[in-house]
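Residue strings, one per chain:
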Amino acid sequence: MNKLALYCRAGFEKEVAGEITEKAAERGVFGFASVKENSGYVIFECYQTGEADRLAKELKLSQLIFVRQMLVVGDLLQELPETDRISPILDCYQALNPKNAGEVVVDTPDTNEAKELSLFCRKFTVPLRNALKAKGWLKPQWIATKDSAKQGITLHILFIGSGKCYVGYAYNHNRSPFLMGIPRLKFPSDAPSRSTLKLEEAILSFIPTVEAPRRLNENMKGVDLGACPGGWTYQLVKRGLFVYAVDHGKMAASLHDTGRIEHCPEDGFKFQPPKRTTIDWLVCDMVEQPMRISKLMAKWLTNGWCKETIFNLKLPMKKRYQEVKLCLDYLAETLQKQGLTFHIQAKHLYHDREEITVHIQLK
Ligand SMILES: C[S@@+](CC[C@H](N)C(=O)[O-])C[C@H]1O[C@@H](n2cnc3c(N)ncnc32)[C@H](O)[C@@H]1O
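These lines cover the structure that appears in this document, whether it is placed above or below.

Our next topic: a nonpolar patch on the surface. On the surface, a nonpolar cluster with roughly 390 Å² of combined accessible area is contributed by Phe30, Phe32 and Tyr47. Accessibility expressed as a relative area gives 49% for Phe32, which makes it partly exposed.

The α-helix advances 3.6 residues per turn, and as a result positions three or four apart in sequence lie on the same side. Turning to helix 3 (residues 86–96), its buried residues number three or more, namely Ile86, Ile89, Leu90 and Tyr93. Seen along its axis, helix 3 keeps its buried residues to an arc of 100°; they face one direction. Exposed side of helix 3, more than 90 degrees from the buried face: Asp91 and Ala95 are the residues found there. Buried residues along helix 3 sit in contact with helix 5 (118–134), strand 6 (153–161) and strand 7 (164–171). Among the residues trailing helix 3, Asn97 stands out with phi positive, at a value near 45°.

A sheet is described by the order of its strands in space; here seven strands give the open sequence 10-9-8-11-12-14-13, paired in mixed fashion. Among the strands making up the open sheet, the edge pair consists of strand 10 (261–264) and strand 13 (342–347). Across this sheet, the average inter-strand angle for adjacent strands is 15°, counted without regard to direction. Bridge count between strand 13 and strand 14 (residues 355–362): six bridges; the pairing is antiparallel. Looking across to strand 14, one finds that Ile344 is bridged to Ile360.

Before going further, it helps to examine the nonpolar core. Membership of the largest hydrophobic core comes to 85 residues, with the highest contact counts inside it found for Leu4, Ile157, Leu225 and Trp300. Here this core takes seven residues from helix 11 (residues 320–337), the largest share from any one element. If sequence neighbours within four positions are ignored, Leu225 has contacts with Val246, Gly268, Phe271, Leu282, Val283, Cys284, Asp285, Met286, Leu296, Met297 and Trp300. Counting 23 residues, the second largest nonpolar core, distinct from the first, contains Ala202, Met220, Val283 and Leu349.

This paragraph deals with the site of the ligand. Near the ligand there are 16 residues, and of these Ser193, Gly231, Asp247, Gly268 and Asp285 occur at the shortest range. Ser193 places a polar side-chain atom, nitrogen or oxygen, 2.9 Å from an oxygen atom of the ligand. Asp285 places a polar side-chain atom, nitrogen or oxygen, 2.8 Å from a nitrogen atom of the ligand. Notes on the ligand: free accessible area 600 Å², of which the protein chains cover 75%. Of the residues contributing to the shell around the ligand, the split by class is six nonpolar, six polar and four charged.

Another aspect to go through is the pattern of salt bridges. If you walk through the whole model with that rule in mind, you get 22 salt bridges. Of the charged contacts, one joins Lys325 and Glu22 as a salt bridge, the two residues approaching to 2.8 Å between their closest N and O atoms. Taken as a pair, Lys325 in helix 11 and Glu22 in helix 1 (residues 13–26) lie far apart in primary sequence, 303 residues in all. Overall, Lys325 belongs to the partly exposed group, its relative accessible area being 30%. The class for Glu22 is partly exposed, based on a relative accessible area of 26%.

Here is what the cut-offs are and how they apply
Here, residues in each chain are numbered from 1, in the same order as that chain's written sequence. The predicted nature of this model means local features are confined to residues of pLDDT at least 70 and side-chain atom pairs, given and counted, to a pLDDT of 80 or more, with totals for whole chains, interfaces and linings taken over all residues. Just so you know, side-chain values use all the structure's heavy atoms and leave hydrogens and water out. Nonpolar side chains (Val, Leu, Ile, Met, Phe, Trp, Tyr) within 5 Å and like charges within 9 Å form the patches, drawn only from residues with over 30% relative accessible area and no salt bridge. Exposure was quantified through the Shrake-Rupley algorithm and a 1.4 Å probe, taking into account, for residues, occlusion by the shown protein chains and nothing else. Whenever Lys or Arg places a side-chain nitrogen within 4 Å of a carboxyl oxygen from Asp or Glu, that contact is recorded as a salt bridge. Think of it in three bands: residues with accessible area under 20% of the maximum for their type are buried, residues over 50% are exposed, and the middle band is partly exposed, with areas taken using a 1.4 Å probe on protein chains only. Helical segments are the DSSP runs of H or I of at least four residues, strand segments are the runs of E of at least two, and each set is numbered from the N terminus. What the arc describes is the spread of directions from the helix axis to the C-beta atoms. Throughout, a contact is declared for two residues whenever any of their heavy atoms are within 4.5 Å. When DSSP finds two or more bridges between two strands, those strands count as paired. Whenever a helix is involved, its axis is fitted only over the stretch in contact; in every case the axis is a line through C-alpha atoms, and angles between N-to-C directions fall within 0 to 180 degrees. By nonpolar core we mean a set of buried residues, namely Ala, Val, Leu, Ile, Met, Phe, Trp, Tyr and Cys, connected to one another through side-chain atoms within 4.5 Å. Nearness here has a simple test: a residue counts as near a molecule or strand if at least one of its heavy atoms is within 4 Å of that partner. Polar contact is the term for a pair of N or O atoms within 3.5 Å; when the atoms are in protein, one must be able to donate a hydrogen and the other to accept it, and sequence-neighboring residues count only if both atoms are side-chain atoms. All amino acids are sorted into three groups, where Ala, Val, Leu, Ile, Met, Phe, Trp, Tyr, Cys and Pro are nonpolar, Asp, Glu, Lys and Arg are charged, and the leftover types, Gly among them, are polar.

Below you can see the structure in the form of structure tokens.
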């Protein structure tokens, strides 16, 4: 098993290929990325034995922008016999002889065709799990949800078509806990817009659950640039913040009713925090050129106008990965020049379409 299977939104395979090739090379790992457009995954084959395993262990999934899930896999299994799909899969694990695996996950890439296999995957998991247990390759003490199992692995089967799958595993400390790498969020019925899920997913992805009450609470103030109709503001208000909602549009009445917002019908590029007011959070979902947004975010952070920010970079252009790198490099250089220490993360979230979400926290 010397390949990585990297899951992504269909249509973003080239971005994944560019990103994995570059990040692997930074670690002295070289390989070849196979891209099938709109397949929802990329296979990166490493030239040296053992390198896929090293990448899966060391290359943090949270630092890969366009990747939702990362597995170590072997060659594609094709034409699995309908009467016995399990034996060829067990054969693949024979050499690995897993001793620290607790669970097996069977899923597909996020495409309509592959998702037709979802029901099959769910049903197939049960006999496969039993067969793996019988071989002694799944042990309950290594189930990923337990803290003690963080050093273990989870076995993964990725079905890309009927009778076609990749067999592999992922490290528990470096895998998405969600099926297909997709968190399932429920749309809150009282939220003013569906984009509320983007900020909710961003908060869940970027802020560890244990830290969330300290990092977002009723003693804090936020600014939402491009706030209307209020899906993002809703998420901040829900966590107790008072929000200055900046937009020429109309905010949902339900948000006014909370008494936790002030609507500022102004230009988000000119708006400044009210005098003698500490802004803890800046969020921004304005549809604008990514570099223009990056410069605005850098201005807020270097002026000390906010401590933490989540914003979107819209990517309608062809060379999306290059554009993202340009923006992230600009932000990092600008903050460093000002002597600021910070933590930056960027992710193509499930609820993001032609855009990515960035989080910066000043330390
Ligand atoms: C994608 S929508 C924001 C949706 C919002 N995050 C939500 O969850 O409901 C973009 C918003 O940015 C606003 N906008 C665009 N340019 C702006 C500017 N220069 N200043 C203020 N608002 C702007 C638009 O009026 C629009 O309401």
